[in-house]
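In case you want the letters, here they are:
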Amino acid sequence: MQIEAVNRRARERYGVFVTAMDMVLETLEGLDELIGRVDDKHAGSGWTVATQDELKGYRMQAVDELERLRTAAKKYETELVSRDWRI
């Protein structure tokens, strides 16, 4: 049946979407070690580097936005898995 194929494809795409969000979250959580290696004392002419506090703030902002996206995806999950996605 055509509707069953559309629903299966929509469920697969939703699964890929959720997996991608999980991977991004895992990557963001792994940045603490890298942020910890940033030297705040290094001052040079020309280029500037964000401080550890700025980088932690950017990371937290990205995690918050990702959580908002996850909440919205969960809210519309039934609609997303019931129809074909338009790209």
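Sequence positions are assigned chain by chain, starting from 1 and proceeding in written order. Local features in this predicted model are restricted to residues of pLDDT 70 or higher, and side-chain atom pairs are both shown and tallied only at a pLDDT of 80 or more, whereas totals for entire chains, interfaces and linings draw on every residue. Based on all heavy atoms of the structure, the side-chain values leave hydrogens and waters out of the count.

**Student:** It is not clear to me how a negative patch on the surface should be interpreted in this structure. Could you clarify?
**Tutor:** A surface patch of like charges, here negative, comprises Asp-39, Asp-40, Asp-53 and Glu-54. The topology assignment puts Glu-54 in helix α3 (residues 52–75). Classification of Glu-54 as partly exposed rests on a relative accessible area of 37%. Patch construction takes residues with relative accessible area above 30% that form no salt bridge. Like charges are linked within 9 Å, and nonpolar side chains (Val, Leu, Ile, Met, Phe, Trp, Tyr) are linked within 5 Å. Exposure was quantified through the Shrake-Rupley algorithm and a 1.4 Å probe, taking into account, for residues, occlusion by the shown protein chains and nothing else. Salt bridge criterion: a side-chain nitrogen from Lys or Arg within 4 Å of a carboxyl oxygen from Asp or Glu. Neither His nor the chain ends is counted toward charge; the positive residues are Lys and Arg and the negative residues Asp and Glu. To locate a charge, take NZ of a lysine, CZ of an arginine, CG of an aspartate or CD of a glutamate. Each helix is a run of DSSP H or I of at least 4 residues and each strand a run of E of at least 2, with the numbering of both proceeding from the N terminus. Think of it in three bands: residues with accessible area under 20% of the maximum for their type are buried, residues over 50% are exposed, and the middle band is partly exposed, with areas taken using a 1.4 Å probe on protein chains only.

**Student:** When you look at the nonpolar core in this model, what are you seeing that I'm missing?
**Tutor:** It is characteristic of soluble globular proteins that their nonpolar side chains tend to be buried jointly. Of all hydrophobic cores here, the largest spans seven residues; its members are Tyr-14, Met-21, Leu-25, Leu-28, Val-63, Leu-66 and Ala-73. Going through the elements one at a time, α1 (2–29) and α3 are the ones with two or more residues in this core. By convention a nonpolar core is built from buried Ala, Val, Leu, Ile, Met, Phe, Trp, Tyr and Cys residues, the set being connected through side-chain atoms within 4.5 Å.

**Student:** Is there a simple way to explain the pattern of salt bridges in this structure?
**Tutor:** Side chains that differ in charge, positive against negative, can pair when their charged atoms come close. Tallied over the entire structure, the rule returns five salt bridges. Arg-70 serves as the salt-bridge partner of Glu-67, at 4.0 Å between the closest nitrogen and oxygen. With Glu-67 and Arg-70 both in helix α3, this residue pair falls three residues apart, about one helical turn. When salt bridges that share partners are traced, they join Asp-22, Glu-67 and Arg-70 into one network.

Scope: geometric values only; no functional claims are made or implied.
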